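Coordinates in review
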Amino acid sequence: MKSQFNQLLVIQFKEFFREPGALFWSFIFPILISLALGFAFTDKPVVFQRAAVVLPNNADSIIIKPFLEKKCTQSISPMLTYQLTIDNQHLGKTTTQFIPCTWKESEIKMKRGEISIILTEEKGKVQFHFDPANSGSRLAYISISSLLDGKSLVSDQSEIKPLESKGTRYIDFLIPGLLTMGIMSSCLWGISYGLIEKRSKKLLRRMVATPMKKSFFMMTMFTSRYVFTILETIVLLIFAKIVFGVSVQGSWLAFAAIIISGSFFFMGLSILLASRTANPQVGNGFISAITMPMMLLSGIFFSYSNFPDFVVPIIRYLPLTLFTDSLRSIINEGSGIMDVLVPLSILSITGLITFTAGLKIYKWY
Amino acid sequence: MTYSQTQPIVQAVNIHKSFKEVKALNGVDLEIMPSEFTALLGPNGAGKTTLVEIIEGIQFPDTGEIKLFGKHWKGNKDELHHQIGISLQETRFEDKLTTRETLKMFASFYGLNNTRVDEILSIVNLQEKQRSYVVNLSGGQRQKLALGISLIHNPKLLILDEPTTGLDPTARREIWDILHSLQETHGTSMILTTHYMEEAENLCKNIVIIDKGKVLAKGTLEELISASKTSEIIQFKVLNKSLFPDFTNYSDVKQIEKDEISGLVTMQVSNTSDFLPELIGKINLAGCGIAELRCRYVTLDDLFIQMTGRKLTDA
Ligand SMILES: Nc1ncnc2c1ncn2[C@@H]1O[C@H](COP(=O)(O)OP(=O)(O)O)[C@@H](O)[C@H]1O
Ligand SMILES: [Mg+2]
């Protein structure tokens, strides 16, 4: 009996660690994503804007022309342009490129999105032509007009203080999402797809035509999946700590509880999904249809608050959202177990329901 | 085990099984005695898999009764699982486990250990492949692994569903040899499905011919052939078909079949040596000319064609 359980468990581990694909998606992929996105949004962004300058007779420009010729660096290839870069310690670099051209050309450039603003000058007054609905153009207007006025971008009366406290950077937002997304994928692909494949190979059918204990089979599958989930979590967490200094500010108990109940929910869902299908393609479709929308909607990579107001309440109760939001509040906001009690119970209870339903209609043959 | 050697180990009575419109089994009766090798011979779609899976307790009949060792599946699952060893049609084992690990896992289901795994590896001659991943095994090696798994707990009854389909003749021969020696050394009983008549003839004393969910005939090879009343076949090609004489009124000729395109003539005769001189004489007289003359004993294939008008190997 004991040896049967051990054998089944050992085999789950062997299958997992011998599958390079599974290892990549579970361990390497989240790290690569966090590296790519983490660094992309950590460097202070360079603002780059282009303006067309339309000065018909060159001669009567008393503001723009002297500005271009004295303050900007001129380059003539591939065409004549002027460029000015303002570097602010806190704000980062702002580079503006001025392109002299005719009105007609400037209109075409605007339509193509190559420039965000057009400058003209009439009787000693600079005129700005742009679409006020476009925030990029508005930003260009504000910065160029102050440049032309000879002011600096940051006024002397104000001071910029970038937020550097824990839990407010993009990487802090991202890491909890990568953890929950990884757990969801790992459960759904590992359990659901694994079972469907075993059924399609007729391996399940062969295994239950022996005195094998079905409960052992299920138990070892969940045990091993929990171990993989925990390993994935630890690896990404250590990585995020070392490279980005992300750390769990809330209670470890709450952290463990939400990881366990979130994993449990997705395991239950996996069983339900895998309960009948014997066709790996159908299984593949099912799993993608569930994971893809949640990955996009549940605020893994960007906040779902940008979605239209009427869908936000729905998104908020998607399982992956509940899971991610709770984990985020524990890691970044220092929440404890009482703060996440509601999502914790929702995940555990629905997990239990899908789990029992899945086992009830489960087809071994 | 109080089970008697003189009682059938498998008793199937009037088994019916339908899948929507398809009648997979349409009133099948089957009895298997201990130490017998029985072949279920029939073309694709005959209902062989459905029948053996019902015997194995994997599928359940719509009506009819099935007993193994005098017991129903219901309530005796654990006991019966220990008595039968099965190999399903087309089971694929886990790719990234080795031969040995796969055997070890199945051994653990029966509470058996490494000693038995070693024995099995030697019985099915896979010692050299014990550390290879299943994904790297050839078709024959995979079938031997499946056979090894079915043997692992030393079952009284082996049920093998198309164990050699798709294998080359050498690999097939190897499996046959393993099965022959099992019968000699262990007195194992076996049910095997196949659509190769050579396999049924070579391995099994009893042959059950099934088609379209019905048993068409059963018995030993000799019984089946004597029941068909013809035993000998003469075949030749006619070179000039228009000159071929008429043989319909000859009492020696039981049946005559002509293939109009190839000119192949198949005659079922009661006694080749009596009839052959007469046949040659008549053909010489007619001057039609023949080639590729062959005389042979009737085969299961011939019987199947007689009964159904189709070949065993037709889909
Ligand atoms: N699960 C099933 N669903 C629908 N039809 C089936 C199923 N299993 C078998 N059949 C049909 O029953 C018939 C017998 O199939 P099977 O027992 O597999 O034949 P064999 O093993 O002799 O090739 C076939 O016509 C097959 O299509
Ligand atoms: Mg079959």
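Residues numbered from 1 in each chain as written. Chains lettered and ligands numbered in written order. Predicted model: local features only at pLDDT ≥ 70, side-chain atom pairs only at ≥ 80, totals over all residues. Heavy atoms only, no water.

1. Side note on the overall build of chain B
- Tallying secondary structure elements over chain B gives 10 helices and 13 strands in all.
- Referenced to the eigenvectors of the C-alpha coordinate spread, the extents of chain B come out at roughly 75 × 45 × 40 Å.
- Here chain B holds 315 residues, and the buried ones make up 51% of them.
- When the accessible area of chain B is evaluated, it comes to approximately 14,500 Å², of which 49% is carbon and sulfur surface.
- Charge-centre separation for chain B: the mean point of 34 positive side chains lies 4 Å from the mean point of 41 negative side chains. (Helix = DSSP H or I, 4+ residues; strand = E, 2+ residues; numbered from the N terminus. Buried < 20%, exposed > 50% of the residue type's maximum accessible area, 1.4 Å probe, protein only. Areas by Shrake-Rupley, 256 points an atom, 1.4 Å probe, with all protein chains shown as cover. Lys, Arg positive; Asp, Glu negative; His and termini not counted. Charge placed at Lys NZ, Arg CZ, Asp CG, Glu CD.)

2. Side note on helix H13 (residues 341-360) of chain A
- Taking 1.5 Å of rise per residue, 20 residues should cover 28 Å, and H13(A) covers 28 Å from first to last C-alpha, within 8% of that figure.
- On the buried face of H13(A), the contacting elements are helix H8 (214-244), helix H9 (252-274) and helix H12 (319-333) of chain A. (Expected span 1.5 Å × (residues − 1). Contact = heavy atoms within 4.5 Å.)

3. Section: unusual backbone geometry
Residues and elements named next belong to chain B.
- Positive phi, close to 50°, is recorded for Phe69, a residue that is not glycine.
- Position of Phe69 relative to the elements: it lies in the loop between strand S4 (63-68) and helix H2 (77-83).
- Of note, the phi angle at Glu292 is positive, near 55°, even though the residue is not glycine.
- By secondary structure assignment, the location of Glu292 is in strand S13 (residues 290-297).

4. As for the pairing of strand S11 (residues 253-258) of chain B
Residues and elements named next belong to chain B.
- Across five bridges, the pairing between S11 and strand S12 (residues 264-269) is antiparallel. Bridge assignment links Gln255 to a residue of S12, and that residue is Gln268.
- As consecutive antiparallel partners, S11 and S12 are separated by five residues, and within that stretch Gly263 has a phi angle of approximately 80°, a positive value. (Pairing = 2+ DSSP bridges.)

5. Topic: the coordination of the magnesium ion (ligand 2)
- Only Thr49(B) (OG1) and Gln89(B) (OE1) from the protein coordinate the magnesium ion (ligand 2), and they sit 1.9 to 2.2 Å from it. Taken as a pair, Thr49(B) in helix H1 (residues 48-55) and Gln89(B) in the loop between strand S5 (84-87) and helix H3 (99-109) lie far apart in primary sequence, 40 residues in all. (Donors = N, O, S within 2.8 Å, 3.2 Å for Na, K, Ca; no water.)

6. Overview of the site of ligand 1
Residue and element names in this part refer to chain B.
- As a matter of local geometry, ligand 1 sits amid Phe19, Val22, Ala24, Pro43, Asn44, Gly45, Ala46, Gly47, Lys48, Thr49 and Thr50.
- Contacts to ligand 1 include Gly45, whose backbone N or O atom sits 2.7 Å from an oxygen atom.
- Within the backbone of Gly47, a nitrogen or oxygen atom sits 3.0 Å from an oxygen atom of ligand 1.
- Coverage of ligand 1 by the protein amounts to 61% of the 560 Å² it exposes when considered alone.
- Elements with a minimum of two residues in the shell around ligand 1: strand S2 (22-32) and H1.
- At three residues, the largest contribution of residues to the shell around ligand 1 is made by H1. (Near = heavy atom within 4 Å. Polar contact = N/O pair within 3.5 Å; in protein donor to acceptor, adjacent residues only side chain to side chain.)

7. Quick notes on the sheet that holds strand S2 (residues 73-75) of chain A
Residues and elements named next belong to chain A.
- The strand order S2-S3-S4-S1-S5-S6 describes an open sheet built from six strands, whose pairing is mixed. The sheet is open, and its two edges are formed by S2 and strand S6 (125-129), each paired on a single side. Looking at each pair of strands side by side, their axes are set apart by 30° on average, direction ignored.
- Taken together, the four bridges between strand S1 (residues 47-54) and strand S5 (residues 117-122) define a ladder with parallel strand orientation. Among the inter-strand pairings, Ala52 is bridged to a residue of S5, identified as Ile118.
- Each of S1, strand S4 (92-100), S5 and S6 is contacted by helix H4 (residues 103-111), which is oriented at about 155° to S5, the strand it contacts most. (Axes fitted to C-alpha atoms, helices over the stretch in contact; angles between N-to-C directions.)

8. Overview of the layout of surface pockets
All names here are of chain A.
- One number sums up the size of the largest pocket: a volume of about 1,000 Å³.
- Glu19, Ala22, Trp189, Gly190 and Tyr193 are, among the 34 residues lining the largest pocket, the residues nearest its centre.
- Those elements giving two or more residues to the lining of the largest pocket turn out to be helix H1 (2-17), helix H2 (20-40), helix H6 (170-200), H8 and helix H10 (280-297).
- Considering each element in turn, the lining of the largest pocket owes the most residues, 13 residues, to H6.
- Taken together, the residues of the lining of the largest pocket break down into 15 nonpolar, 11 polar and eight charged. (1 Å grid on protein atoms, 1.4 Å probe; cavity = no way out; pocket = protein on both sides within 12 Å on 5 of 7 lines; lining within 4 Å. Points joined across faces, edges and corners; volume = space filled by probe spheres on them. Nonpolar A, V, L, I, M, F, W, Y, C, P; charged D, E, K, R; others polar.)

9. Focus on the interface of chain A and chain B
- Listed per partner, the contact involves 24 residues of chain A and 29 residues of chain B.
- For the pair chain A and chain B, the summed buried surface comes to about 2,600 Å²; carbon and sulfur atoms form 56% of the total.
- Of all residues in chain A, Arg18(A), Lys201(A) and Arg206(A) bury the most surface against chain B, accounting for 28% of the area lost on that side.
- Counting the contacts that link chain A with chain B gives seven salt bridges.
- Note that Lys201(A) and Asp95(B) form a salt bridge whose closest N and O atoms lie 3.9 Å from each other.
- Elements represented by at least two residues in the side of chain A that touches chain B include exactly H1, H6 and helix H7 (203-208) of chain A. (Buried area = accessible area lost by both parts, 1.4 Å probe. Salt bridge = Lys/Arg side-chain N within 4 Å of Asp/Glu carboxyl O.)

10. Describing the domain arrangement of chain A
- Split into domains, chain A comes out as domain 1 (2-40 + 165-360) and domain 2 (46-148).
- One C-alpha centre belongs to domain 1 of chain A, the other to domain 2 of chain A; they are set 50 Å apart. (Domains from an automatic or database assignment.)

11. Focus on the sheet that holds S12(B)
All names here are of chain B.
- What the four strands build is an open sheet, ordered S11-S12-S10-S13; its pairing is antiparallel. The strands lining the two open edges of the sheet, one partner per strand, are S11 and S13. This sheet shows a mean twist of 15° between the axes of neighbouring strands, independent of strand direction.
- In this structure, strand S10 (residues 232-238) lies alongside S13, joined through six bridges in antiparallel fashion. Pairing of Ile233 across the sheet is with Arg296, part of S13.

12. A look at H3(B)
- Of all the 11 residues making up H3(B), 10 are buried; the element is thus mostly covered by neighbouring parts of the structure.
- Looking at the packing, one finds that the buried side of H3(B) touches H1 and H7 of chain A together with helix H4 (114-123) and helix H5 (139-151) of chain B.
- Looking one or two residues past H3(B), Gly111(B) carries a phi angle of roughly 70°, positive in sign.

13. A few points about the domain arrangement of chain B
- What the domain assignment reports for chain B is domain 1 (1-83 + 157-174 + 183-229), domain 2 (96-154) and domain 3 (232-297).
- Taking only C-alpha atoms into account, the centre of domain 1 of chain B sits 38 Å from that of domain 3 of chain B.

14. Comments concerning the pattern of salt bridges
- For the structure on display, the rule yields 17 salt bridges over all chains.
- Here Lys144(B) makes a salt bridge to Glu174(B), at a shortest N to O gap of 2.7 Å. Pair noted here: Lys144(B) is in helix H5 and Glu174(B) is in helix H6 (residues 169-186), with a separation of 30 residues, a long-range link.
- We classify Lys144(B) as buried; its relative accessible area is 6%.
- When its relative accessible area of 28% is taken as the criterion, Glu174(B) is described as partly exposed.
- The structure contains a network of salt bridges with shared partners spanning Glu15(A), Lys198(A), Lys201(A), Glu94(B) and Asp95(B).

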